[in-house]
Amino acid sequence: MSKEIVFSGIQPSGEPTIGNYIGAIRNWVDIQNEDKYTCLYCVVDMHAITVPQVPKDLRKHTLEMLSALMAAGIDPEKSILFIQSHVPAHAELTWVLNTITYMGQLNRMTQFKEKSKRFEEASINSGLYTYPVLMAADILLYQAKYVPVGEDQKQHLELTRDLAERFNNRYSDTFVIPEPLIKEQGARIMSLQDPESKMSKSDADENAYILLLDEPDVIRRKIKRAVTDSEGVIAYNDRQKGIKNLINIYSAFTNEDVETIVAKYEGKGYGIFKEDLAEVVIEGLRPIQESYKELINNKDYLEKVYKEGAEKAEYMARKTLRKVYKKIGFIPR
Ligand code: TYM
């Protein structure tokens, strides 16, 4: 029996944050290392252009993201690691899925509503609007059963399932219905400056996030400045959202559970906790940063990885697309 398929993607819209790492990438690595699934991990450059990009930066960020994923543990010998625009079937299936997506569904997407707030109404492009359909195509093309993501992608996964079911009902069984894999702990790492909103690399305030490649001193400074509260007690609850978020980060990097951490810091102040947290994060990121420095300078190797990845992905994607085209009534060439 062939293995079940796992698919996930990340936008090369800058360096990954520890939110991306905790909510998604480290889970991708764990799943890969279970050796139970065929894993596909994709740098989604086609998604990235739904907001303005400087072309040379996009190229740079795409290779940086590829290197960061490998540095974090994605092994191209074990997983299919590739760049979205290298497999044109993503765009082709998106078109077909667009024709079975209702505008009402897209109007309900909270991420679209949030992102479009950043732009004048007249300059919101239709790619940003249909972005979740491209995401559905990414997943359905590979017949993925599991999609490891952070909490913020849940609604997009629901749409994907809905489109898959609609297509299957209309034309007969074609797509596997995918399921999100969202870890309870760390699925939503919050901004260090505003614990009500999620940590995001596109935040205007750089103190709001920690990047995977931040230098130790930068990490210390950002954690020191992280917003807390005036209660002065290290506890895990929704009144103290800042501290709760820091505990989540601590837990992600040490694998200690929340209760253990709270007990360890009983009677201690925020200052000590923050100092320790900074060291935990620095140590956790150190091996990733070392490996990244080697990878990013090895352009030939990166090229080899993404070319081989694209070939393998293309083969799988074409198979699904052929089926889809046949079912909807296109004549094979
Ligand atoms: P992106 O690039 O915004 O984020 C990549 C992954 O990181 C997770 N994530 C977080 N998790 C916890 N806390 C945070 N603060 C945080 N910020 C981001 C995201 O949930 C995501 O899993 N549309 C997707 C990319 C995508 C995709 C796909 C994902 C395109 N096609 C197909 C899965 C399957 C996105 O913009 O992720």
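Anyway, here's the lowdown on the structure attached to this text. (Residues numbered from 1 in each chain as written. Predicted model: local features only at pLDDT ≥ 70, side-chain atom pairs only at ≥ 80, totals over all residues. Heavy atoms only, no water.)

1. Description of the site of the ligand
Our working rule: Nearness is defined per residue: one heavy atom within 4 Å of the molecule or strand is enough. Each polar contact in these results corresponds to two N or O atoms within 3.5 Å; when the atoms are within protein, one needs to be able to donate a hydrogen and the other to accept it, and residues that are neighboring in sequence are counted only if both atoms are side-chain atoms. Under the convention used here, a 1.4 Å probe and the Shrake-Rupley method define accessible areas, while residue burial counts only the protein chains that appear. Note on conventions: DSSP H or I runs of at least 4 residues are helices, E runs of at least 2 residues are strands, and numbering of each starts at the N terminus.
Around the ligand, the surrounding shell holds 27 residues, and the nearest of these are Gln11, Tyr131, Asp138, Asp152 and Ile189. Asn20 places a side-chain nitrogen or oxygen 3.1 Å from an oxygen atom of the ligand. At 2.7 Å from a nitrogen atom of the ligand is found a main-chain nitrogen or oxygen belonging to Ile189. Protein coverage of the free-state accessible area of the ligand, which is 710 Å², stands at 97%. Within the residue set of the shell around the ligand, elements represented by two or more residues are strand E1 (4-10), helix H1 (18-33) and helix H7 (126-141).

2. Remarks on the environment of Arg188
Basically, it comes down to this: The contact definition used throughout considers only heavy atoms, calling two residues in contact when any of these lie within 4.5 Å.
Checked against the element boundaries, Arg188 lands in the loop between strand E5 (179-181) and helix H9 (216-224). In this structure, the C-alpha to C-alpha distance between Arg188 and Gly23, residues 165 residues apart in sequence, is 6.5 Å. Filtering out sequence-adjacent residues up to four positions away, Arg188 remains in contact with Glu151, Asp152, Lys198 and Asn245.

3. Overview of the pattern of salt bridges
What counts here: Within this document, salt bridges are pairs made up of a side-chain nitrogen of Lys or Arg and a carboxyl oxygen of Asp or Glu, the two lying within 4 Å of each other. The rule is simple: take the accessible area with a 1.4 Å probe, protein chains only, and divide by the maximum for that residue type; under 20% is buried, over 50% is exposed, in between is partly exposed.
For the coordinates displayed, the defined rule picks out 19 salt bridges. Measuring nitrogen to oxygen at the nearest pair gives 3.4 Å for the salt bridge that ties Glu179 to Lys145. Separated by 34 residues along the polypeptide, Glu179 in strand E5 and Lys145 in the loop between H7 and strand E4 (146-148) bring together distant segments of the chain. Under the relative-accessibility criterion, Lys145 is labelled partly exposed at 23%. Of the charged contacts in the structure, one is a salt bridge between Glu206 and Arg221, with a shortest N-O distance of 3.7 Å. Of this pair, Glu206 sits in the loop between E5 and H9 while Arg221 sits in helix H9; the two residues are 15 residues apart in sequence, bridging distant segments of the chain. Its relative accessible area of 45% is what places Glu206 among the partly exposed residues. For Arg221, a relative accessible area of 31% corresponds to the partly exposed category.

4. Notes on the pairing of E1
Quick note on the threshold: Two strands qualify as a pair provided DSSP detects at least 2 bridges between them. Handedness of a crossover is defined as follows: with both strands directed away from the viewer, a clockwise route from the first strand across the helix to the second makes it right-handed.
The element E1 is largely enclosed, with a buried count of five among its seven residues. Here E1 runs beside strand E2 (residues 37-43); their pairing, made up of seven bridges, is parallel. When the bridges of E2 are listed, Val6 appears paired with Cys39. Taking the sense of rotation as the criterion, the β-α-β connection linking E1, H1 and E2 turns out right-handed.

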